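Spelled out, the chains give:
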Amino acid sequence: MEAHAAEVNHRIARISAHLHPSNFKEGGDVLLNKANCRAKGGAPGFKVAILGAAGGIGQPLALLMKINPLVSVLHLYDVVNTPGVTADVSHMDTGAVVRGFLGQPQLDNALTGMDLVIIPAGVPRKPGMTRDDLFKINAGIVRTLCEGIARACPNAIVNLISNPVNSTVAIAAEVFKKAGTYDPKRLLGVTTLDVVRANTFVAEVLGVDPREVDVPVVGGHAGVTILPLLSQVKPPSSFTAEEAEYLTNRIQNGGTEVVEAKAGAGSATLSMAYAAAKFANSCLHGLKGEAGVVECAFVDSQVTELPFFATKVRLGRSGAEEIHQLGPLNEYERIGLEKAKSELAESIKKGVDFIKK
Ligand SMILES: NC(=O)c1ccc[n+]([C@@H]2O[C@H](COP(=O)([O-])OP(=O)(O)OC[C@H]3O[C@@H](n4cnc5c(N)ncnc54)[C@H](O)[C@@H]3O)[C@@H](O)[C@H]2O)c1
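Predicted, not measured: the structure shown is a model, and the values here were computed from it.

A few words now on the overall build of the protein chain. When helices and strands are tallied, the protein chain shows 11 helices and 11 strands. By sequence separation, contacts in the protein chain at least 24 residues apart represent 70% of the contacts at least 6 residues apart.

Take a look at the structure:
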């Protein structure tokens with residue numbers, strides 16, 4: 001009987017240690033170390049951390065990862081509001097154990113033992129703000145978070161969402177190179193929202209269900225660097241020059257469409273959380289060793305002369321295991337590719353210089 005009471009008390013102490021606000025004090029230890037970073041009684045699965053989990057993307061993404069059956073442990077990290085988000089999401093009766101971490105002193109605890117780290121931390125684009133304006137703030141945030149990954153979970157797969165992705169992926173790579181932990185296969189810039197939008201907009205034009213459509217989107221993740229390959233759409237379809245122009249413009253400016261419609265209340269968060277969860281789910285299926293898991297992503301690449309480029313990649317146990325080639329392009333796409341490459345080169349250089357200078 002006494003042993004049972006002691007066990008109950010221990011259990012209650014453990015649960016409140018994860019949720020009680022006193023545990024979220026700056027520098028406070030949340031009873032976490034390498035040894036206890038695993039599901040207690042939960043289903044077997046992968047350990048996933050979201051950095052920036054209290055944000056517009058982070059919150060719905062936390063919800064979507066909590067319902068992913070491949071996730072056994074979900075760590076939610078942010079510099080604000082993680083106690084509330086963690087308490088809320090932790091009440092969902094799904095398998096993943098949820099733990100919250102607040103502020104930089106708890107970053108390493110949030111990351112220890114993680115298989116996959118998803119980064120939507122940063123400042124979103126506001127009306128009138130270009131993706132480049134975001135650079136200065138988000139570059140510093142990504143550097144700090146990637147330094148934490150290099151220290152605490154250097155073998156984790158990293159899904160980088162923070163904009164400008166065309167530069168932040170180069171920043172992350174430089175941080176990992178400096179730390180001696182860089183593995184190009186494990187660093188993936190998330191461009192899935194461009195693919196999700198492309199599938200939706202193309203399906204509208206074709207008058208079919210978007211789930212039946214697959215549009216490869218290559219290049220990068222901003223304006224003209226977003227290059228949908230409409231000549232390679234599945235199911236095979238042909239578009240008039242006007243349709244191709246309309247679709248390419250709409251896909252490239254999908255972010256602005258949302259920013260303007262939200263009129264000061266942020267950028268794409270719900271569709272982005274969906275896209276991030278879809279991409280993370282594919283990464284987890286790859287980690288499980290499933291065959292034929294293919295997604296577009298912005299990765300270290302030799303497909304063009306640029307050091308990073310988005311194409312289809314095959315995801316496996318070690319991340320992006322195979323980078324697909326571009327395939328045959330039509331004239332319109334070849335012109336788009338040249339435009340994309342010159343802008344991308346500058347954005348990548350800006351990211352590299354941020355760390356090297
Ligand atoms: N890759 C894409 O397709 C895509 C699409 C949409 C938005 N984004 C980008 O995602 C990022 C987040 O957008 P959002 O709308 O969720 O913004 P948001 O402001 O709502 O949320 C960002 C969160 O990051 C947190 N944060 C700030 N500094 C941090 C730090 N040092 N460590 C941890 N967390 C920190 C904030 O506290 C906030 O909770 C932005 O950079 C945005 O441009 C990317």
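Past the structure itself, the notes keep going.
Another aspect to go through is the site of the ligand. Around the ligand sit 33 residues, and of these Gly55, Gly56, Ala121, Gly122 and Asn163 come closest. Looking at the shell around the ligand, the element that brings in the most residues is helix α5 (residues 135-152), giving 4 residues. Split by domain, the residues of the shell around the ligand number at least three in each of domain 1 (21-189) and domain 2 (192-356).

Another point: the packing of helix α6 (residues 165-179) against helix α11 (residues 331-356). A pair of packed helices is captured by two measures, namely the crossing angle of their axes and the spacing between those axes. Their axes nearest at 7 Å, the elements α6 and α11 cross at an angle of 35°. In this structure, α6 crosses over α11, and the sense of that crossing is right-handed. Touching Asn166, Ser167, Thr168, Ala170, Ile171, Glu174 and Val175 of α6 are Leu344, Ser347, Ile348, Lys350, Gly351, Val352, Phe354, Ile355 and Lys356, all from α11. Taken together, the residues of the contact of α6 with α11 break down into 8 nonpolar, 5 polar and 3 charged.

In this model, α6 (15 residues) spans 21 Å end to end at C-alpha, consistent with the 21 Å of a helix rising 1.5 Å per residue. Burial analysis of α6 places 11 of its 15 residues in the buried class, which makes it a mostly covered element. For α6, the complete set of buried residues consists of Val165, Asn166, Ser167, Thr168, Val169, Ala170, Ile171, Ala172, Ala173, Val175 and Phe176. The inward-facing, buried residues of α6 abut α5, β5 (157-160), β6 (187-189), β9 (294-300), β10 (308-316) and α11.

Next up on the list: the nonpolar core. Core analysis: the largest hydrophobic core is formed by 99 residues, its most contacted members being Leu116, Val117, Ala172 and Ala276. Contacts of Val117, omitting those with residues within four sequence positions, involve Ala49, Leu51, Leu111, Ile149, Cys153, Ala156 and Val158.

A few words now on the pairing of strand β4 (residues 116-119). Covered by surrounding structure in β4 are Leu116 and Ile118 together with Val117 and Ile119, the residues of both alternating faces. Of the strand pairs in this sheet, strand β1 (residues 46-51) and β4 are connected by 3 bridges, and their pairing is parallel. Paired with Ile50 across the bridge in β4 is Ile118. Two elements, β4 and β5, share 4 bridges in a ladder whose sense is parallel. Looking at the pairing, Val117 lines up with Val158 of β5.

Our next topic: the pairing of strand β11 (residues 319-323). Bridge count for β10 against β11 is 4 bridges, and the pairing is antiparallel. Its bridge partner being in β11, Arg314 is matched across the sheet by Glu322.

Looking at the element boundaries, Val196 is found in helix α7 (residues 192-206). Leaving out residues up to four positions away in the same chain, Val196 has contacts with Ser271, Tyr274 and Ala275.

Okay, the environment of Ala139 next. Topologically, Ala139 is positioned in helix α5. Between the C-alpha atom of Ala139 and that of Lys350, which follows or precedes it by 211 residues, the distance is 10.0 Å. Discounting residues that sit within four places of it in the chain, Ala139 has contacts with Ser167, Thr168, Ile171 and Phe354.

Time to look at unusual backbone geometry. Following Asn163, the chain continues into Pro164 via a peptide bond in cis, with omega recorded as -5°. With respect to the secondary-structure elements, Pro164 resides in the loop between β5 and α6. Put simply, Lys234 and Pro235 share a cis peptide bond, and its omega is 0°. You can see Pro235 is positioned in the loop between β8 (226-228) and α8 (241-252). Phi angles above zero are rare outside glycine, and Asn81 is one such case at about 60°. Here Asn81 shows up in the loop between β2 (71-78) and α3 (82-90). Positive phi, close to 45°, is recorded for Ala263, a residue that is not glycine. In this fold, Ala263 is placed in the loop between α9 (254-262) and α10 (270-287). Ala263 gets classed as exposed once you count the C-beta atoms within 10 Å, which come to 8.

What follows concerns the environment of Tyr77. Along the chain, the position of Tyr77 falls in strand β2. Separated by 44 residues in the primary sequence, Tyr77 and Ala121 have C-alpha atoms spaced 9.3 Å apart. What Tyr77 contacts, discounting residues up to four positions off in sequence, is Ala49, Ile50, Leu51, Ala53, Thr82, Phe101, Leu107 and Ala110.

Procedures and definitions
- Residues numbered from 1 in each chain as written.
- Predicted model: local features only at pLDDT ≥ 70, side-chain atom pairs only at ≥ 80, totals over all residues.
- Helix = DSSP H or I, 4+ residues; strand = E, 2+ residues; numbered from the N terminus.
- Contact = placed C-beta atoms within 7 Å.
- Near = placed C-beta within 6 Å.
- Domains from an automatic or database assignment.
- Axes fitted to C-alpha atoms, helices over the stretch in contact; angles between N-to-C directions.
- Left-handed = near helix turned anticlockwise from the far one by under 90°.
- Nonpolar A, V, L, I, M, F, W, Y, C, P; charged D, E, K, R; others polar.
- Expected span 1.5 Å × (residues − 1).
- Buried ≥ 20, exposed ≤ 12 C-beta atoms within 10 Å, placed from the backbone.
- Core = buried A, V, L, I, M, F, W, Y, C linked by C-beta atoms within 7 Å.
- Pairing = 2+ DSSP bridges.

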